[in-house]
Amino acid sequence: MPLCAYVDGDFTVAPDYSDVEWYALKKGKPDVTMLCCGEKGHVITRRGTQFFRHNRRLSTCQYASETLEHLECKKIIYLKARELGLEARPEAKLNGARADVLVTVEGKKLAFEVQLSRQSLERTREREEEIRHSDAHPIWLMRPVDADACRSEVHSFAIEITTGEMPVVELRSGESISLEKFVELATQAGFIEADMARRMEALEAKLHPKKRMHPWLKWALWGAGALIALKIVGSLGDENEER
């Protein structure tokens, strides 16, 4: 269920159409060829999201089983980037792989990857390298458990999705913002560099954790220090009396 396809031979991005234009396109029953695999497809709308669906229910194309939540996130990222006046393309091909949304900011390519299904750290590393070999910087949006597992190695951020609401992204600072606001922030100059610095700090803390003192030991040392102080005060008092 991709956002892009060839419609009557022309490259088409579904979110570029207004509701009225999309309805007219759907009513006209155009010839749809899926960009991802070459199979035939249909013009579809679900929960306000416009996209293309494969004809065959048993299609082996990886995009045939894409969830509506994943599509909605791609649509939001794409439209927000366009609103910001940036060059953007959903499902952009990168050396054999595809970026969910590729956004170009002052010559720098940012590959937004929405990974809502479970993915091993090893596979994330492989895809990270594939994207980087295409001179693009991957930005991962993952379920919280996966984002936390990958956080020290890739630009990963936790995303929470509630049906009917704008997805929310958690920054490394712990602050939660809307997906639209995140796209605006991520496309600003210095975001990648700043996130890299935070990753290095997190990795350093993981490799060289500060040893924490057990509470009972802390109280014991405090008590011993207080006792020594009292003895010193007492001895000074005795010396003054002798004088």
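Bear in mind that the values here come from a model prediction, so they are computed numbers and not experimental data.

**Considering the sheet that holds strand E2 (residues 10-13)**
The sheet built from 5 strands is open, its strands ordered E2-E1-E3-E4-E5 with antiparallel pairing. A single partner strand is all that each edge strand has here, and the edge strands are E2 and strand E5 (49-54). Here the strands of the sheet are splayed against their neighbours by 45° on average, with no regard to which way each runs. Where strand E4 (residues 40-46) meets E5, 6 bridges bridge the pair, whose relative direction is antiparallel. Residue pairing in the sheet places Arg 46 in a bridge with Thr 49 of E5. Across the sheet, helix H1 (residues 19-27) lies against strand E1 (4-7), E4 and E5, angled at about 140° from E4, the strand it touches most. Helix-sheet contacts for helix H2 (residues 68-83) involve E2, E4 and E5, and the interaxial angle to E5 is about 130°.

**Some thoughts on the side chain of Glu 72**
Secondary-structure assignment places Glu 72 in helix H2. Look at Glu 72 and you get buried, because its relative accessible area is 17%. In this structure the side chain of Glu 72 is engaged in a polar contact, spanning 3.3 Å, whose partner is the side chain of Arg 47. Ignoring anything within four residues of it in the chain, the contact list for Glu 72 reads Arg 47 and Thr 49.

**Considerations on the environment of Ile 76**
Residue position: Ile 76 is located in helix H2. Judged by relative accessible area, which is 13%, Ile 76 ranks as buried. When residues no more than four places from it in sequence are discounted, the contact partners of Ile 76 are Met 166, Pro 167, Leu 179 and Glu 180.

**Quick notes on the pairing of strand E7 (residues 97-105)**
Most of E7 is tucked away: 7 of the 9 residues are buried. Linking strand E6 (residues 87-94) back to E7 in an antiparallel pair, the connection comprises 2 residues, with Asn 95 at a positive phi of about 50°. Judged from the 5 bridges that link them, E7 and strand E8 (residues 108-115) form a sheet pairing that is antiparallel. Along E8, the bridge assignment pairs Leu 102 with Ala 111.

**Remarks on the pattern of salt bridges**
Scanning the model with the defined rule gives 13 salt bridges in all. With a closest N to O distance of 3.0 Å, Asp 31 and Lys 40 form a salt bridge. A relative accessible area of 38% places Asp 31 in the partly exposed class. The residue Glu 113 makes a salt bridge to Arg 127 at a minimum N-O spacing of 2.4 Å. Here Arg 127 lies in helix H3 (residues 121-132) and Glu 113 lies in strand E8, a separation of 14 residues in the sequence. Judged by relative accessible area, Glu 113 falls into the buried class, the value being 1%.

**Things to note about the sheet that holds strand E9 (residues 136-142)**
The strands making up a sheet associate through backbone hydrogen bonding, with each pair oriented either parallel or antiparallel. Here 7 strands make up an open sheet; going across it, the order is E6-E7-E8-E9-E10-E11-E12 and the pairing mixed. Edge positions in the open sheet fall to E6 and strand E12 (176-178), since each of these has one partner strand only. Here the average twist between neighbouring strands, direction ignored, is 35°. Pairing of strand E11 (residues 168-170) with E12 involves 3 bridges; the strand directions are antiparallel. Of the residues in E12, the one forming a bridge with Val 169 is Ile 177. Set on the sheet, helix H5 (residues 179-186) makes contact with E8, E9, strand E10 (156-160), E11 and E12; between it and E12 the angle comes to about 95°.

About the cut-offs
Residues numbered from 1 in each chain as written. Predicted model: local features only at pLDDT ≥ 70, side-chain atom pairs only at ≥ 80, totals over all residues. Heavy atoms only, no water. Pairing = 2+ DSSP bridges. Helix = DSSP H or I, 4+ residues; strand = E, 2+ residues; numbered from the N terminus. Axes fitted to C-alpha atoms, helices over the stretch in contact; angles between N-to-C directions. Contact = heavy atoms within 4.5 Å. Buried < 20%, exposed > 50% of the residue type's maximum accessible area, 1.4 Å probe, protein only. Polar contact = N/O pair within 3.5 Å; in protein donor to acceptor, adjacent residues only side chain to side chain. Salt bridge = Lys/Arg side-chain N within 4 Å of Asp/Glu carboxyl O.

The quantities given are spatial measurements derived from coordinates; they are silent on function.
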